[in-house]
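# Survey of secondary and tertiary structure
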Amino acid sequence: MPLNLDQIERLARLARIEISAADGGETRDRLNDVFALIEQLQAADTRGIEPMAHAFELAQRLREDAVTESDRREAYQAVAPEVEAGLYLVPRVME
Amino acid sequence: MINSSLKELGAALAEKRISSVELATLLIERIEALNPTLNAFITVDREKTLAMARDADRRLGAGLAGPLTGIPLAHKDIFCSEGWLTTCGSKMLANFASPYDAHVVQLMKAAGLVTLGKTNMDEFAMGSSNETSFYGPVKNPWDNTRVPGGSSGGSAAAVAARLTPAATGTDTGGSIRQPAALCGLTGVKPTYGVVSRYGMIAFASSLDQGGPMAKSAEDCALLLSAMSGFDPRDSTSLDRPAEDYRRDLEKPLAGLKIGLPREFFAAGMAADVREAVDEALAEYRRQGAVTVEVSLPSSGLSVPAYYVIAPAEASSNLSRFDGVRYGYRAPEYTDLADMYCKTRAQGFGAEVKRRILIGTYVLSHGYYDAYYLQAQKIRRLIANDFVQAFRHCDIIMGPTTPSTAFALGAKSDDPVEMYLSDIYTIAVNLAGLPGMSIPCGFGGEGGKLPVGLQLIGNYFDEARMLGVAHRYQLATDWHKRMPEEA
């Protein structure tokens, strides 16, 4: 079923992507083309079929609870937009 | 030299007929001359490359060289490479100089390969034409008005134009095989779990797999042997003994059973592709293989199933790009939520946003069962089809793509039309099987555009698949052809 602009705006909010009023219609139309493609799945008979999440049914490996990585905080923070005293800076969330 | 195999380059380096520095310099000069037209590379760094080449020359001089030492290699810009810009084709990572190496990059360095640069790609590997790249489209070296395919379009164009002897790629729904087909190369997507995804920027984690792109199956066998292997840092890396993927290259084809899926040879394949594929199959029969019809009845649903599963995984994976720890941050915002929304609106291109929104929708409350679980059930049916088919054959063959390279812009405004370019390749990713594309002739106007033959192996049957491809390449010379301007 095709989505309307309100539903597209809700999705965009959930995905944390701003969509401008000018782009809303185009986004809706292209998405509805894709949803029409996906809709084909509904016709398939999948009664009794186990969903397949992965090529191999793997159990997650466990490892020893031991330190394996060295501290490279400076290297990793060098690529951050804004850091101070080893902390990532974001806009204030509490007054 | 530019059309030499990796074995020939290795011999030339070992016998000191050329040094690694000379070879790298020759290719950097070719890139400088041809890349302004092709746009195959996002980053070239002469000093870094030459430093690696000098190091390789020292190893060659000291007798410490392996078969790949000193040979240049380009990496798709999805592989994190320490100190190199690693953009994933996106504005979001346009300023990201990776602080670490991907497992594949580490292994290739250890093998002595010299990084020649980072290749252009569809943004976050989402595309089939290399037109979604923030860095602009790549041109197909066989016809500059056409796409090279995608998402590993830069790697494909670079090898086709002989700017590099080999490149890495990644394949989530066909992103190695489809551009390999459209550019006349050999490209391999291994069994899921054979090549570590550590440091390979994630698109759809249950489907993504790295692999080699080069001129021949022999070259790819050599490269895959170097780039595969267990890596505890990737939770889906398979703990299996190391393999020499060259071991079946000399195996004759007599008695080989080739399965031809009825659904792949139905309507939808262009006449020129059909002709080249049929001729390739005739060559296989001449070499003693037999062909049998097999059926993949659910494969018709692979494209819609993929466009639920891949965007669902992508919407989760790409939530990490929020303007906090790395990459782009919007210059102006009112609060934290607004910073996220503006950063992602400005940092991602249209196709990436579209797929995040699709993924968000199919995972959202009330739709999860109808879309996501239903797609996963169909994924099981598709995988079961292959299990059935491999009861009747050793390897599956068919076209890699429905047509030869299409014109730039022809499908860029119509996502669904673009998605259908991967109609023959996607089922292989959903099942987790190994697949490859090899050049098998030419089509298009005037017969100037490459056609790809797709080979699909059973799980972990890469060595046989590469051997089967190699026997064909011993009898034909499609893989040695290069575009005129190269």
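Residues numbered from 1 in each chain as written. Chains lettered and ligands numbered in written order. Predicted model: local features only at pLDDT ≥ 70, side-chain atom pairs only at ≥ 80, totals over all residues.

### Examining the interface of chain A and chain B
Spelled out, the test is: Contact between residues is assigned whenever the C-beta positions, reconstructed from backbone atoms, fall within 7 Å. The way it works is that DSSP assigns letters per residue, a run of H or I at least four long becomes a helix, a run of E at least two long becomes a strand, and they are numbered from the N terminus. Put simply, Ala, Val, Leu, Ile, Met, Phe, Trp, Tyr, Cys and Pro go in the nonpolar bin, Asp, Glu, Lys and Arg in the charged bin, and everything else, Gly too, in the polar bin.
Contact with chain A, which involves 40 residues of that partner, is made by 53 residues of chain B. Looking at the side of chain A that touches chain B, the elements that each hand over two or more residues are helix H1 (5-14), helix H2 (21-38) and helix H3 (73-77) of chain A. Among the elements that make up the side of chain A that touches chain B, the one with the highest residue count is H2 of chain A (six residues). Classifying every residue of the side of chain A that touches chain B by side-chain character gives 28 nonpolar, four polar and eight charged.

### Focus: H1 of chain A
An α-helix turns once every 3.6 residues. As a result, residues three or four positions apart point the same way. So the rule is basically this: Residues are called buried when their C-beta atom has 20 or more other C-beta atoms within 10 Å, exposed when it has 12 or fewer, and partly exposed otherwise; all C-beta atoms are positioned from the backbone. Directions from the helix axis toward the C-beta atoms define the arc.
Along H1 of chain A, the positions that sit buried rather than exposed are Ile8, Leu11 and Ala12 of chain A. The buried residues of H1 of chain A occupy one face: seen down the axis, they fall within an arc of 100 degrees. For H1 of chain A, the secondary structure elements touched by its buried residues are H2 of chain A together with helix H11 (350-363) of chain B. Downstream of H1 of chain A by a residue or two, Arg16 of chain A has a phi angle that is positive, lying close to 55 degrees.

### A short note on the domain arrangement of chain B
Residues and elements named next belong to chain B. Rules: Where each domain starts and ends comes from a domain assignment, either automatic or drawn from a database.
According to the domain assignment, chain B contains domain 1 (6-254 + 467-480) and domain 2 (301-378). For domain 1 and domain 2, the distance between their C-alpha centroids amounts to 28 Å. Each partner contributes to the interface: domain 1 provides 21 residues, whereas domain 2 provides 17 residues. When its residues are assigned to classes, the side of domain 1 that touches domain 2 shows eleven nonpolar, eight polar and two charged.

### Here's the deal with helix H8 (residues 271-286) of chain B
Residues and elements named next belong to chain B. What counts here: What a helix should span is 1.5 Å times the count of its residues minus one.
Here H8 spans 22 Å end to end across 16 residues, near enough to the 22 Å set by a 1.5 Å rise per residue. Listed as buried for H8 are Val273, Ala276, Val277, Ala280 and Tyr284. Buried residues in H8, looked at end-on, bunch into an arc of 95 degrees, giving them a common side. Opposite the packed face of H8, turned more than 90 degrees from it, sit the exposed residues Ala271, Asp278, Ala282, Arg285 and Arg286. If you follow the buried residues of H8, they end up packed against strand E7 (257-261), strand E9 (395-399), strand E10 (435-443), strand E11 (449-457) and helix H15 (462-475). Where H8 ends, the next residue or the one after it, Gly288, has phi of about 100 degrees, a positive value.

### Here's the deal with the nonpolar core
All names here are of chain B. What counts here: As used throughout, a nonpolar core is a set of buried Ala, Val, Leu, Ile, Met, Phe, Trp, Tyr and Cys residues joined through C-beta atoms within 7 Å of each other.
Counting residues in hydrophobic clusters, the biggest one holds 166 residues, and the most contacted among them are Val308, Ile395 and Leu455. Summarising the domain contributions, this core has at least three residues from each of domain 1 (6-254 + 467-480) and domain 2 (301-378). Leu455 has contacts with Ile395, Met397, Gly435, Met436, Ile438, Met465, Val468 and Ala469, leaving out every residue within four places of it along the chain.

### Looking at the pairing of strand E2 (residues 72-76) of chain B
All names here are of chain B. Cut-off, in case you're wondering: When DSSP locates at least two bridges between a pair of strands, those strands are taken to pair. Orient the strands so they point away from the viewer, and a crossover whose first-strand-to-second-strand path over the helix runs clockwise is right-handed.
A large share of E2 lies buried, amounting to five of its five residues. Here E2 shows a buried face lined by Pro72, Ala74 and Lys76 and a second buried face lined by Leu73 and His75. Pairing of E2 with strand E3 (residues 114-119), which is carried by five bridges, proceeds in the parallel orientation. Looking at the pairing, His75 lines up with Lys118 of E3. Handedness of the crossover joining E2 and E3 through helix H4 (residues 103-110) is recorded here as right-handed.

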